[in-house]
Structures are given as C-alpha cells and as structure tokens.
Amino acid sequence: MRIDLHVHIKRHQSLAELRRILRKRNLGGIAVTNFHNVSFAYFIRERLPEFLIIIGQEIESSAGHILALGIHALIPDRLAPQETIHRIHAQGGFAVLPHPYLLRNSIFYHAHSPRLAFDAIEVFNWRCGPWLWPNSVAALAFRHVQLPKIATTDSKEAHTIGRSCIELAAQSEAEVFAAVRAGNFIRHEETIYPSWTCAKDYFSKLFLPHRSLVCFHCHDPLHFRPYPRKRACMQCGYLETMFVTCAHGHYICSCCRTQNAFKEEAFMRFRLKRGVEV
Ligand SMILES: [Zn+2]
Ligand SMILES: [Zn+2]
Ligand SMILES: [Zn+2]
C-alpha cells in the first residue's frame with residue numbers, strides 16, 4: 001500500500017473530502033502528525049476505519065522538529081532531541097528526522113555525537129520542493145547513512161496529501177514500521193519547482209490576517225508579522241520568538257493555542273460552526 005507518513009490536518013477538515021482525497025491518491029493510510037496534539041489523529045482514525053491512520057505528532061524539540069509515529073500520548077515540546085527520541089521509543093513509537101536541511105526547524109544530524117537514535121530519515125519532503133536545496137542536500141548528505149530514507153508530503157493542505165509517499169507491503173502499523181526498518185519500500189517523489197503561485201502562497205501567509213484564529217484575550221484577529229519578536233505567552237509564560245499576535249500585541253504560544261483549540265467542547269463547537277462532521 002501507499003502511505004504518507006507526515007501529514008498535518010486542519011481542525012475544520014471535512015472527513016468526506018479527506019476520504020475522497022485518500023482514495024484518489026490510492027493511499028492505504030496516512031500518519032497524522034500535527035503539532036502539540038494527538039487527539040485529532042484519534043478522532044480521524046475512529047471515523048475513517050477503512051484506512052490505516054497512524055497516530056503521530058511533530059514535536060518541536062529544543063534543536064528542531066522530530067516526527068513521532070505510532071505513539072499514543074502527547075510528547076512535550078522543547079525537550080532535548082535525545083530525550084524526545086527516548087520518549088518516542090518508550091511509547092513503542094518510531095522516530096523520524098523530518099526535513100533535515102530546511103535550516104529553520106531542522107536538526108543538524110551530522111553535528112550530534114553520539115548520533116541521535118532515529119529510526120528513519122525523511123530525505124524527501126514534498127513541501128520543501130520549491131526551496132530546491134533541502135531535498136537535494138539531504139539526498140547527498142545522507143547517502144552513506146545506513147538508515148531507511150522515506151518520502152512524505154508534510155501536507156498542510158488536504159489536497160496535497162499523497163503527492164509524495166512510500167509504497168510497501170503492509171496491512172498494519174507494526175508491518176509498516178517493520179517494512180520501513182528493513183528498507184522494503186519504494187519512494188514516490190513528486191518534485192515541485194519554484195513558481196509564482198508558490199511565492200504568492202508564501203507571502204500571502206505573512207501579510208493576510210490569520211484565517212482561523214482570533215486573539216484569546218481580546219478576540220481581535222491574529223496577524224502574521226513579517227519580523228519575529230520575543231514575547232512571553234500569557235498562558236504559560238514561555239518566552240518565544242514568534243510571528244503571530246493581535247494588533248495589541250497579546251500573545252499565546254502555539255502549544256497553548258493548540259491545546260485550547262482541541263479541548264473536547266471547543267473542538268466540537270468549532271466543527272459544528274464550520275459545518276463539518278463531528
Ligand atoms: Zn510537518
Ligand atoms: Zn489581543
Ligand atoms: Zn503557552
């Protein structure tokens with residue numbers, strides 16, 4: 001089956017549309033790897049039993065992002081990468097190094113001694129395509145590293161899920177991990193080159209009001225700021241360099257924001273309001 005092991009899914013995603021996209025791309029499964037949350041992955045797994053939905057999380061370790069696959073409980077962000085990987089393995093999970101050369105948010109694997117105990121490396125990240133260097137540098141830098149090398153999309157928009165993926169013979173989560181560990185899979189990589197549309201997408205995100213979130217404090221719209229600033233989270237106090245605030249400079253960190261958004265009642269209310277399945 002074909003499986004995309006790095007997928008972010010929005011809170012208001014229609015399940016009927018998701019089902020249609022997975023069928024269209026001929027995917028047998030996906031790993032839902034949202035930041036700061038695993039409950040949404042469970043929500044999707046329960047409602048799409050015909051697909052293999054792996055519970056995952058993209059974790060912000062102190063050195064960069066780490067993908068946890070096959071976990072069952074949320075892993076805290078901001079821990080050292082060694083500790084993060086240890087916690088993934090303690091849950092029986094599978095640890096992947098995503099987008100190793102994106103620079104921002106990437107762990108520089110070769111600088112760590114002893115080497116971090118990743119189970120696989122994402123050498124092809126579809127969404128990195130237009131930047132040209134991350135995937136080509138990763139392919140070169142990891143050519144002598146004896147670890148399974150996977151391709152994913154890192155989709156943030158549902159319609160792009162599965163445009164890159166791996167294909168293997170497996171029915172269950174355990175079989176997927178066993179096949180990846182053994183190197184028994186093929187990568188499907190769709191390269192996208194920089195274009196006017198890519199540039200427009202990127203810059204519109206920086207300048208348009210944030211679509212789905214309002215300030216938790218004053219309910220004004222949140223805006224992306226082109227220049228990041230250090231702010232303390234009004235909820236947990238964590239000092240973060242960030243792009244998103246309301247016009248008054250109120251700030252809540254992405255971790256607290258996500259936790260609030262996925263609280264059972266708020267989450268259901270939000271989906272009902274957006275007219276999608278609950
Ligand atoms: Zn991601
Ligand atoms: Zn505000
Ligand atoms: Zn916070």
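Keep in mind that what you see is a predicted model, and the values were worked out from it rather than measured.

This brings us to the sheet that holds strand β8 (residues 165–167). Ordered by their spatial adjacency, 9 strands build an open sheet running β7-β6-β5-β4-β3-β2-β1-β8-β9, and the pairing between neighbours is mixed. Whereas interior strands pair on both sides, the edge strands pair on one side only; in this sheet they are β7 (149–152) and β9 (186–188). On average, adjacent strands in this sheet sit at an angle of 30° to one another, irrespective of strand direction. Pairing analysis gives 4 bridges linking strand β2 (residues 27–32) to strand β3 (residues 52–61), with the strands arranged parallel. Among the inter-strand pairings, G29 is bridged to a residue of β3, identified as L52. Contacts from helix α3 (residues 81–90) reach β3, β4 (64–69) and β5 (94–97) within the one sheet, and its direction differs from that of β4 by about 5°.

The domains assigned to the protein chain are domain 1 (2–188) and domain 2 (197–273). Summarising the inter-unit geometry, the C-alpha centres of domain 1 and domain 2 are found 24 Å apart. Opposite the 18 residues of domain 1 that make contact, domain 2 presents 19 residues. The contact between domain 1 and domain 2 buries some 1600 Å² in all, and 60% of this surface belongs to carbon and sulfur atoms. In this structure, the connection of domain 1 to domain 2 is made through 0 salt bridges.

What follows deals with the coordination of the zinc ion (ligand 2). Looking at the metal site, the zinc ion (ligand 2) is ligated by C215 (SG), C218 (SG), C246 (SG) and H250 (ND1), spaced 2.0 to 2.3 Å from it. Considering all 4 donor atoms around the zinc ion (ligand 2), angles at the metal cover 103 to 114° and the coordination shape is tetrahedral. Positions of the donor residues of the zinc ion (ligand 2) along the chain correspond to the pattern C-x2-C-x27-C-x3-H. Judged by its relative accessible area of 2%, C215 is buried.

Each value, and the rule that gives it
Residues numbered from 1 in each chain as written. Chains lettered and ligands numbered in written order. Predicted model: local features only at pLDDT ≥ 70, side-chain atom pairs only at ≥ 80, totals over all residues. Heavy atoms only, no water. Pairing = 2+ DSSP bridges. Helix = DSSP H or I, 4+ residues; strand = E, 2+ residues; numbered from the N terminus. Axes fitted to C-alpha atoms, helices over the stretch in contact; angles between N-to-C directions. Contact = heavy atoms within 4.5 Å. Domains from an automatic or database assignment. Buried area = accessible area lost by both parts, 1.4 Å probe. Salt bridge = Lys/Arg side-chain N within 4 Å of Asp/Glu carboxyl O. Donors = N, O, S within 2.8 Å, 3.2 Å for Na, K, Ca; no water. Tetrahedral: all angles 85-135°; square planar, octahedral: opposite > 155°, others 65-115°. Buried < 20%, exposed > 50% of the residue type's maximum accessible area, 1.4 Å probe, protein only.

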